[in-house]
Every structure is written in structure tokens, then in C-alpha cells.
Amino acid sequence: MSEKFTGSFTQQDPIPEAGIEAALAVLRHGRLHRYNTAEGEISETALLEQEFAAYVGAKYCLAVASGGYAMGTALRALGVKPGDKVLSNAFTLAPVPGAIASVGAEPVFVGVTESLTIDLEDLQAKIGQADVLLLSHMRGHICDMDRLMAICDRAGVKVIEDCAHTMGAAWKEVPSGRFGAVGCYSCQTYKHVNSGEGGFLVTDDSDIAARAVMMSGSYMLYERHLAAPPREAFETIRYETPNISGRMDNLRAAILRPQVADLDAQCRRWNERYYTLEKGLRDTPGLQVIDRPAQETIVGSSIQFLLRNWPADAVRDVVARCAARGVELKWFGAPEPVAFTSRYDSWRYAKPAAMPATDRILAGVVDMRVPLTFSLEDCALISEIIRAEVGLVYQKAA
Ligand SMILES: *Cc1c(COP(=O)(O)O)cnc(C)c1O
């Protein structure tokens, strides 16, 4: 069998017509800056914040320029200072340690388990080293949030959740981003809503929200928000908080509002694709599917599997053979960072300590994007291709 897949792994859905119409209206009136409103007008950005706050059930929401900006702002709002240490995942992507570095702080990396979630034993062992954990729900895998919060609460460690891959996901029905002090989301093209660039920060804490609003560049116009705390919360904060501009604009907000309204339906479409792929990959000799816990509500916008204890050359062979048949896989064990794939030991500015147990797991992690432009038939074909090529290489190696 040598059928090829010819679809694109980087092609997203178009922007919904309602978003295009709303964007054109913003372009026609020209008031793109979020505080540039006509008499009596409420900006698209303020409405988007109100709608996203309602979607996740948060008191406050701030729309910003990127997910990375949301995380940096959350760290600052929690009082992280240059030289402080911040706990975070070893298995994540570059914007996460980058956000920590952006405030002059130093990441302390915590290991990964075979479920691709943060290693809670390792977290417990390192919990005394920092006052904040920037928890990345990397590739949508959510750890036991009850245990994680118990460990952090006991140690007085504040949690910021990086929900770049879990917008729309939940643990025991509680939306991802609602466990810690702050939840951060990305609206970048490859995430669950697409405005090119963009992000959200949500919290129930009025001090954190007020600081974040001031930092994002509200000047003294914070009362034009619909999902910010009341005026009293800004009384002293407005004099004490630097402006580190990172606002969202009305054009992107206009594109995003219909996508937030459609998010649950889109998540269902991702999951149909995910489970088609998972079913096709299950029981492939040599390949381990990642079983998802019953407590987790997933958004299957990407899929991972493990080639456990495989020699590096054999994994490379699988990736190359699948690529030759049009299936783009990413390998997290590759020694050199490629495209969006990177490893904790490639962030040399963070001076990462060696983590042999995590290295052993990363050496087998293979990852694939699941864009919504794939049909279910595409997903069935892709899983057949992976199954066949993994099977061939596995037999050869055995
Ligand atoms: C994309 C991403 C972010 C934030 O990204 P921005 O491009 O800054 O919006 C954060 N964490 C992870 C794991 C990501 O993949």
C-alpha cells in the first residue's frame, strides 16, 4: 500500500462570514483602536472580553496582543520580579519559558509523564523553589488538577494556566484556565480561534485584573471595559502600574467574536477527527496511544503517540517515511529544534538542568496537528499510513 495523503497540515478553516462582515464594518468606520469609540458605542474588544468571560465563567477578562503577552502580564500582575524562579513544564513550547524570561525571571523545569502531563512527583519535589507555577496544558493534556492544586495550595504557590492548547477543554467540567489565579489563552492562527495573533487573560481576582488592564495600555480609560473590575479596584493601582502596551484591537476582536460563539461546535469537530485518528492508531504494534482520563473534556486539535524506547534512527525513519506519504509528524526527541518543535534543553538562556527521565519520554513523543480542514476520511487515511509505516519499521527493527 503506498497511497499518499495530499492535504495541508497547516491550512485552517476560513474566518466565518459573520466575522468577515464585522471586520469590514470596523474597516469602514476606521475605529480600530479599542478606546476609539463613537458616542454611545461599545467597542468590539470590550464585547469580546465580556463574551469570553461568560464562556469560561470568569469574573474578568482582558483581550491582549498574544498568548505570550498574556502570560508575561500574568507573571507581572502576580508580582514576579527579575531573578525570581518560576516553576514550569519541561514539555512545552518556547513562548512559555520565554514569558518567564521576559520578566527577568528564571524557569525551573518540571518533568513530564507518559501521559504527557506535568510530573506531579517532580512538582512536589521542586515546589519549595518558587512562588509561582506557570502550568502549560501542553498539546491539550490536562493533569489531575485536584492533585496539582492541592500541592500548590499547600505550598502557597500561585498557578497561572497556559491554555494555548486547551481553549474549550475542561477537567471534571471545570473549564481549563479556571483552576489557577489566572488563565491565559492564545488566538494565534494555529490555536482554537484565529485572529492571526491575539490572546486572553482571565481571572476572578480584581487586583490582578486591574493591574493587567493598566499594563496592557488602558491609560485612564479602564471604565470602557465590560469585563474589568469596578473603578475602586484601580484607585491606587492606576498610579503604581507601568504601561506595557499589548492591547487587542477592534479588527481582531470583530473576527474573534463569532468564533468564540462557535467554539463548542468547532471543538466537537476536532474531537470527531481526533477519535477517528486514535481508533486507527490503536493496537499498532510498537505504538502507544495516549489514553485520555475520563475526567478530561478534550479538544483534539492535535494528537500524540509514543514510540517507547525506540532507537532514534528508527523514529527518524518513521517520520521520513510518513513525510514521503504526505503525513507531517513532529518528533519531540530530535536533538535540534525544528519548526515549532522545541525542547527544554534548547532554551539555553534558561540554563536547564539535565532531566534524564523526561528525556527518555520525549525521545518517543511523536506529534501531529489536526486541522479542521481534514475530513474524517482524511483522518482514516492518515492513521492507515502511520500504522503501515510504523509497522514496517518496527518489524525491521525487531
Ligand atoms: C502558541 C502557544 C502559546 C502562546 O502563543 P502566542 O503565539 O504568543 O499567542 C503559549 N503556549 C503554548 C504551549 C503555545 O503553543
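This one's a predicted model, so the numbers in the text were calculated from it and none came from an experiment. (Residues numbered from 1 in each chain as written. Predicted model: local features only at pLDDT ≥ 70, side-chain atom pairs only at ≥ 80, totals over all residues. Heavy atoms only, no water.)

(A) Here's a closer look at the nonpolar core. Core analysis: the biggest nonpolar cluster contains 46 residues, and Phe 52, Leu 123, Leu 133, Met 145, Leu 148 and Phe 200 have the highest contact counts within it. Elements that contribute at least two residues to this core include exactly α2 (44-56), β1 (60-64), β3 (106-110), α5 (120-126), β4 (132-136), α6 (145-155), β9 (199-203) and α9 (250-281). The element that contributes the greatest number of residues to this core is α9, accounting for six residues. Both domains that furnish three or more residues to this core are identified here as domain 1 (17-261) and domain 2 (263-397). Dropping the residues within four chain positions of it, Leu 133 is found in contact with Leu 87, Ser 88, Ile 118, Leu 123, Leu 148, Cys 152, Val 157, Lys 158, Val 159 and Ile 160. (Core = buried A, V, L, I, M, F, W, Y, C linked by side-chain atoms within 4.5 Å. Buried < 20%, exposed > 50% of the residue type's maximum accessible area, 1.4 Å probe, protein only. Helix = DSSP H or I, 4+ residues; strand = E, 2+ residues; numbered from the N terminus. Domains from an automatic or database assignment. Contact = heavy atoms within 4.5 Å.)

(B) Seen up close, the domain arrangement of the protein. In terms of domains, the protein is made up of domain 1 (17-261) and domain 2 (263-397). Taken together, the contact between domain 1 and domain 2 spans 38 residues of the former and 32 residues of the latter. Summed over both partners, the interface of domain 1 with domain 2 comes to about 3000 Å²; 63% of that surface belongs to carbon and sulfur atoms. Three residues stand out in domain 1 for area buried against domain 2, namely Glu 114, Arg 139 and His 192, and they jointly supply 21% of the buried area on that side. Applying the counting rule to domain 1 against domain 2 returns two salt bridges. (Buried area = accessible area lost by both parts, 1.4 Å probe. Salt bridge = Lys/Arg side-chain N within 4 Å of Asp/Glu carboxyl O.)

(C) Main features of the environment of Ala 170. For Ala 170, the location among the structural elements is in strand β6 (residues 170-171). Sequence-wise, Ala 170 and Gly 19 are 151 residues apart; in three dimensions their C-alpha atoms are separated by 26 Å. Excluding residues that lie within four positions of it along the chain, Ala 170 makes contacts with Ile 142, Pro 175, Ser 176, Gln 295, Glu 296 and Thr 297.

(D) Layout of the sheet that holds β3. The seven strands are arranged β1-β9-β8-β5-β4-β2-β3 in an open sheet whose pairing can be described as mixed. Each end of this open sheet is capped by a strand with a single partner; those strands are β1 and β3. Taken pair by pair, the neighbouring strands of this sheet meet at an average axis angle of 20°, ignoring direction. Taken together, the five bridges between β4 and strand β5 (residues 158-162) define a ladder with parallel strand orientation. In the sheet register, Val 132 faces β5, and the bridge partner there is Lys 158. (Pairing = 2+ DSSP bridges. Axes fitted to C-alpha atoms, helices over the stretch in contact; angles between N-to-C directions.)

(E) Quick look at the site of the ligand. Surrounding the ligand, one finds 16 residues, the nearest of these being Gly 67, Gly 68, His 165, Ser 186 and Lys 191. The contact in question runs from an oxygen atom of the ligand to an N or O atom on the backbone of Gly 68, over 2.7 Å. Interatomic distance of 2.6 Å between a side-chain N/O atom of Ser 186 and an oxygen atom of the ligand. Taking 380 Å² as the accessible area of the ligand by itself, protein coverage stands at 91%. Of the pockets mapped on this structure, the ligand occupies the largest pocket. Those elements that provide at least two residues to the shell around the ligand are α3 (67-77) and α4 (95-102). When residues in the shell around the ligand are grouped by element, the largest group, three residues, is from α3. Partitioning the shell around the ligand into residue classes produces five nonpolar, nine polar and two charged. (Near = heavy atom within 4 Å. Polar contact = N/O pair within 3.5 Å; in protein donor to acceptor, adjacent residues only side chain to side chain. Areas by Shrake-Rupley, 256 points an atom, 1.4 Å probe, with all protein chains shown as cover. 1 Å grid on protein atoms, 1.4 Å probe; cavity = no way out; pocket = protein on both sides within 12 Å on 5 of 7 lines; lining within 4 Å. Sits in = over half its atoms within 2 Å of the grid points. Nonpolar A, V, L, I, M, F, W, Y, C, P; charged D, E, K, R; others polar.)

(F) How the structure looks around the sheet that holds strand β11 (residues 296-297). Overall, antiparallel pairing links the three strands, which are arranged β7-β6-β11 in an open sheet. Strand pairing shows two members of the sheet lacking a second neighbour, β7 (174-175) and β11, which therefore form its edges. Note: β6 against β7, two bridges, orientation antiparallel. Within β7, the position partnered with Trp 171 by the bridge is Val 174.

(G) Fine view of the packing of α9 against helix α12 (residues 376-397). Packing of α9 against α12 brings their axes to within 8 Å, and their N-to-C directions diverge by 30°. The angle between α9 and α12 places the two elements in the roughly parallel class. Considering the relative orientation of α9 and α12, their crossing is right-handed. Taken together, the residues of α12 that come into contact with α9 (itself represented by Glu 272, Arg 273, Thr 276, Leu 277, Gly 280 and Leu 281) are Leu 376, Cys 379, Ala 380, Ile 382, Ser 383, Ile 386 and Arg 387. Looking at the contact of α9 with α12 residue by residue, the classes come out as seven nonpolar, three polar and three charged. (Parallel < 35°, antiparallel > 145°, perpendicular 65-115°, else oblique. Left-handed = near helix turned anticlockwise from the far one by under 90°.)

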